[in-house]
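Structural overview for review
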Amino acid sequence: MSLSRQVLRRYGYVCTALLLCSLPIFAQENGTRRIRVLHITEPINIDGRLDEPSWSQADTATHFRQQEPNEGEPATEKTEVRLLFDDKNLYVSVHAFDAEPSRINSRELVRDATFSNDDKVEILLDTYHDRRNAYRFAVNPLGTQQDALITDEGRDVNLSWDAPWLSAGRTDETGWIVEIAIPLTTLRFTEGADTWGLNFARIIRRKNEENLWTSWQRSFGLERVSQAGELNGVDEIKRRRLLEVKPYASGGGRKGVPLIGEPGFNAGLQAKAGLEVAKIGITPSLTAEFTANPDFGQAEVDTQIVNLTRFSVFFPEKRDFFLENAGIFLFGRAEANQLFFTRRTH
C-alpha cells in the first residue's frame, strides 16, 4: 500500500471519530425509556401534595431533554413524574421544579384552554400500544384540565373529547406540583397487556422551552406516538366495565305575539326529556352506545361563522354520541378528507 493511501485512510478514520463525537447526545442513546407503574391499596387524595408514602416508592421518569430551543440538550429545570394505580384509577404526579417559582405562568381556569401563555405538563398514554393512537392529558400549575384523542400519530387531535378525571395543582418554593386521577373506565385497553406507550412533555413558558421525556427531536414531538417510551406493570390493571348514562331535560314557555301563520295570541309550556347517550363497555375495543329522543342541539357553543359561499360550513363534532372513535372516519389529509360529517350547515 502506498504511503499516500495510508495517510488518506488514517485521515478518514480521524474524521469519522470526530463526526461521531460531535453528534448530539440523543443520537448516541440506544433503547426505549421505560418505567413501571406501582399497584397500591392505600387511598390517594388529589390535592397537589405528594404526602402519601406510595409516591416515594414509585418509579420516577426524569432526565427530560429540550426540543426547543436547544434540541437534545438537558432541560434547564428538573421534572419528576410518577405513576400509581389501584382498582379504580390511574394516578399521575408531576413535580416540576423551578428555580424561580414567582415567575411561573399560570392563568387559565377554563377547561380545554390552549394554555398558550401558561406553563403546562402533557401526558400521553398509548393504552393499546399500537404506536399510532393515544390519549393526551394536559394540566397547568392551577390544575386546569385539557384532554384530547390523538389519531394516527397526530394526524387528527380531537380536542372536543372530554373525559371525567380529577386534577389539582399548587405552587411552592420548589416549583409546582400536580396530582391527577384518571378513572380506568375513561381508558380503553386490553386487559393483561404488559406494556402501554407513555410520554411526557413540559412547557416552561417564560423561557419558551419545550422538554420531553422521549421523542424530543424536532422531527418527532409528543404526538409522534411511535416514538413514545413504555409503561410496564400494566398487566395487573383490571378493566372496569364502562357504564355511563347521560339523560337530559329541557323546558320553556312562550306568551305573547303569535308565530307567523298562527291565529291569535299564544301561550304555553314546552318540555322535553330523553337519553342523550348511554355507553356500555362490551369488550376492551367494543363499546355499545344508545340514545333515545336525543336533543343534539345541547352542545358547546360554536364559533360564529358568516357563510357567504355556496358551500356548507363544517363544524367540529362536540356531541358525546359521535366522539367515540371519531378518528376512524379520517383518511388522507385530515382537514380535506373526512368520510362522515356529523355537523354542518348551509
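Nothing here was measured: the structure is a model prediction, and the numbers come from that model. (Residues numbered from 1 in each chain as written. Predicted model: local features only at pLDDT ≥ 70, side-chain atom pairs only at ≥ 80, totals over all residues. Heavy atoms only, no water.)

1. Remarks on the nonpolar core
Counting residues in hydrophobic clusters, the biggest one holds 37 residues, and the most contacted among them are L83, L90, L125, L187, W196 and F200. Of all the secondary-structure elements, those providing two or more residues to this core are β4 (79–85), β5 (89–97), β6 (120–126), β7 (134–139), β11 (175–183) and β12 (195–204). If sequence neighbours within four positions are ignored, L125 has contacts with L90, A134, Y135, F137, I182, L187, W196, G197 and L198. (Core = buried A, V, L, I, M, F, W, Y, C linked by side-chain atoms within 4.5 Å. Buried < 20%, exposed > 50% of the residue type's maximum accessible area, 1.4 Å probe, protein only. Helix = DSSP H or I, 4+ residues; strand = E, 2+ residues; numbered from the N terminus. Contact = heavy atoms within 4.5 Å.)

2. A few points about the environment of I44
Here I44 shows up in the loop between β2 (38–39) and α3 (53–57). Sequence-distant contacts of I44, defined by excluding residues within four places in its chain, comprise E52, W55, L84, Y91 and E179.

3. Details of the pairing of strand β8 (residues 145–151)
On any regular strand, side chains alternate: one points to one face of the sheet, the next to the other face. Counting buried positions along β8 yields seven of seven residues, so the element is predominantly enclosed. In terms of strand pairing, β7 meets β8 through six bridges, oriented antiparallel. Bridging across to β8, Y135 finds its partner in L149. As paired elements, β8 and strand β9 (residues 156–158) share three bridges and run antiparallel to each other. Counted as the bridge partner of T151 is D156 from β9. The loop that links β8 with its antiparallel partner β9 comprises four residues; one of these, D152, has a positive phi angle of about 55°. (Pairing = 2+ DSSP bridges.)

4. With respect to the pattern of salt bridges
The tally for this structure, following the rule as stated, stands at 18 salt bridges. In this structure, the salt-bridge partner of E80 is R82, at a minimum N-O distance of 3.3 Å. Through salt bridges with shared partners, one network takes in E77, D98, E100, R103, R206 and K207. (Salt bridge = Lys/Arg side-chain N within 4 Å of Asp/Glu carboxyl O.)

5. Here's the deal with the sheet that holds β4
Within a beta sheet, neighbouring strands are joined by backbone hydrogen bonds and run either parallel or antiparallel to one another. Pairing in this open sheet of five strands is mixed, and the strands run β2-β4-β5-β11-β10 from one edge to the other. Unpaired on one side and paired on the other, β2 and β10 (166–172) mark the two borders of the sheet. Taken together, the seven bridges between β4 and β5 define a ladder with antiparallel strand orientation. Across the sheet, the residue bridging to L83 is V92, located in β5.

6. Side note on the environment of D172
With respect to the element layout, D172 can be found in strand β10. You can call D172 buried: its relative accessible area is 15%. For D172 and S102, which are 70 residues apart along the polypeptide, the C-alpha to C-alpha distance reads 9.1 Å. With sequence-adjacent residues up to four places away left out, D172 is seen in contact with P101 and I177.

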